[in-house]
Amino acid sequence: MSTNGVLSMAGWYFLPGLVTGYLQSILYTIFIRAGDPKPAPGSPRFVKDRRRVHVFVVLFYLAYTVYEADWQLRKESDFYQALGVAHDASEKAIQSRFRRLTVQFHPDKVNDIDKERVEAIYVRLQVAKDTLVDPIKRFAYDRFGREMLAWTHCKTLSDFVFHGVKNISTYYFSTAVGLLLLGVLGYMQSGKFWRYMVMATLFVVELHTMTRPTFPPLLAKAVNPLLSMTGLRPPYLPFQMLALLRKLAITFFIAMSQLAPLLRDPGSAAPASDTVTPQDLDRIDALAKAADQETGRLLGLELAPFAGDEHAVKSLRAALKDWLVQNTVRNDTEVRAAMSCVFEGRRASA
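These figures come from a predicted structure and were not determined experimentally. (Residues numbered from 1 in each chain as written. Predicted model: local features only at pLDDT ≥ 70, side-chain atom pairs only at ≥ 80, totals over all residues. Heavy atoms only, no water.)

What about the overall build of the protein?
For the protein, the helix and strand inventory stands at 13 helices and zero strands. Counting from the amino terminus, helix and strand elements in the protein follow one another as α-α-α-α-α-α-α-α-α-α-α-α-α. Counting over 350 residues, the protein shows a buried share of 28%. Within the protein, counting contacts between residues at least 6 apart in sequence, those at least 24 apart form 63% of the total. Looking at the protein as shown, the accessible area adds up to about 23500 Å², and 65% of this sits on carbon and sulfur atoms. (Helix = DSSP H or I, 4+ residues; strand = E, 2+ residues; numbered from the N terminus. Buried < 20%, exposed > 50% of the residue type's maximum accessible area, 1.4 Å probe, protein only. Contact = heavy atoms within 4.5 Å. Areas by Shrake-Rupley, 256 points an atom, 1.4 Å probe, with all protein chains shown as cover.)

What about the packing of helix H6 (residues 135–144) against helix H10 (residues 238–263)?
Put simply, H6 and H10 touch, their axes get as near as 5 Å, and they point 20° apart. Classified by the angle between their axes, H6 and H10 sit roughly parallel to one another. Packed against H6, whose contacting residues are Tyr141, Asp142, Arg143 and Phe144, the element H10 presents Pro238, Phe239 and Leu242 at the interface. Within the contact of H6 with H10, the residues separate by chemical class into five nonpolar, no polar and two charged. (Axes fitted to C-alpha atoms, helices over the stretch in contact; angles between N-to-C directions. Parallel < 35°, antiparallel > 145°, perpendicular 65-115°, else oblique. Nonpolar A, V, L, I, M, F, W, Y, C, P; charged D, E, K, R; others polar.)

Notes on the pattern of salt bridges
Side chains that differ in charge, positive against negative, can pair when their charged atoms come close. For the structure on display, the rule yields five salt bridges. A salt bridge links Asp130 to Lys129, with the shortest nitrogen-to-oxygen separation between them at 3.0 Å. On the accessibility criterion, Asp130 (34% relative accessible area) is partly exposed. The class of Lys129 is buried, set by a relative accessible area of 12%. Across the pair Arg246 and Glu206 runs a salt bridge whose closest N-O atoms are separated by 2.8 Å. One end of the pair, Arg246, is in helix H10; the other, Glu206, is in helix H8 (residues 192–210), and 40 residues separate them in sequence. Salt bridges linked by common partners bring Asp70, Arg74 and Arg233 together as one network. (Salt bridge = Lys/Arg side-chain N within 4 Å of Asp/Glu carboxyl O.)

With respect to the UniProt feature "transmembrane region" (unreviewed entry) in the protein
Residues given the UniProt feature "transmembrane region" (unreviewed entry) here are residues 12–32, 53–69 and 168–187. Across residues 53–69, the secondary structure splits into 100% helix and 0% strand, with the terminal C-alpha atoms separated by 24 Å. (UniProt positions renumbered as here; feature names shortened; annotations may be inferred.)

Points about the environment of Val198
By secondary structure assignment, the location of Val198 is in helix H8. When its relative accessible area of 32% is taken as the criterion, Val198 is described as partly exposed. Spatially, the C-alpha atom of Val198 lies 7.6 Å from that of Ala249, the residues being 51 residues apart in sequence. Discounting residues that sit within four places of it in the chain, Val198 has contacts with Ala249 and Phe253.

Remarks on H6
For an α-helix, the turn length of 3.6 residues means that residues three or four places apart are oriented alike. Counting buried positions along H6 gives seven out of 10 residues, so the element sits mostly inside the fold. Within H6, the full set of buried residues consists of Arg138, Phe139, Ala140, Tyr141, Asp142, Arg143 and Phe144. Each element contacted by the buried residues of H6 is listed here: helix H3 (79–83), helix H4 (91–105), helix H5 (115–132), helix H7 (157–184), H8 and H10. For H6, the N-terminal capping position is held by Asp134, with its side-chain oxygen 3.0 Å away from the main-chain nitrogen of Ile136. Following H6 by one or two positions, Gly145 adopts a phi angle in the positive range, close to 80°. (Polar contact = N/O pair within 3.5 Å; in protein donor to acceptor, adjacent residues only side chain to side chain.)

Set out below in C-alpha cells:
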C-alpha cells in the first residue's frame, strides 16, 4: 500500500471521531445562547447530537475522499491530455499534433534556463506519441495506464491482457483474504455479504473492460458525454474509471462500517458490553490455550533442577503443602472464622 493509502486509512479511523468532538463543541457555541446550559456529556440530547454530527462528518469525509482520488487522477494527467487530442483520435492526428508540439518543446529550440524542464516535457510527449500510435500499446494503455510501460516482456495483445488479468487476480485475491481476516478479527461486521458481492462485481467489470476492444458502454455513452457537455473534468479512460471504482469501494466499505452503528436504532440493540460474539469466544479460547501452554512451559523450567532427585521432589512437595496450608487454608475467611469460634469456646470453657 502507498503512503497516501496508509494516511487515508489512518485518517478514516482517527479523523471522524476527532472532528466530531470539535464540531459539536463549535455548534453548541454558535446555536446555544450565552448563559443557557449546554447538554452534559452522556445525556440523551448530547448523545443524539453527537450521533448526527458524526454521521455528517463521515459522509462529508467519504465525499472528500472520492474527490481527492479523482483530483489525483487529474493531477497525473494522461497521454491524450499531454498531446491535446481526443480519445478517438486517429494515428495521423496524433502524429500531426506531436509535430506541432515538437516545434514548441524541442530541447534544441529553447534557452539553457528552461532546457531541463522542456526536455522532461519533450520526453513525456515522445513516450505518449509512441504509445498511442501503436494499436497494441494504445489498447494496453487505455486499460492499464502507465504501468504497462514497465511490461517490456509483453509484445502482443494477448501478452498484455494475460499480464493485466494476472495482476488484478492477485489484487482481488489479496483483498478477499484481507476482508476475511478483518471479519475473523471482529472488524467491519456490517454488510459482509454486500462487500464480497461488490468486490466480485468489480472483478467482473475489470475483466470485461480488459478483454473488450471498445470502452465500457457506461463510460462511452453516459459518463464521458456528460463530462464533455458540462466541462467538469476531462473524460475518463477505462483505467482511470477502474482506479476510481476501487478507491470508492474501499472507502465506502470503511464508511459503512462506521455509519452502521450510528444509524442503528439504539433502543433495538443490546448494550455492547452484554453482547458476546462467536469471534470473542474464539479469541478467549485461543488466549486460554496459549496461557495454559505458557504456564506448563514455565512450570517445567522451574521443576527442571529437581528431575531425577527423589529427595528433592519430596522436600518440594512438603514445602508446597506447608505453603498451601499457610497461605490458602488458614487465610481463608471461613476457616479463620471457624478457628476463632473454636478458640473462643475453649477460652469460655476454661
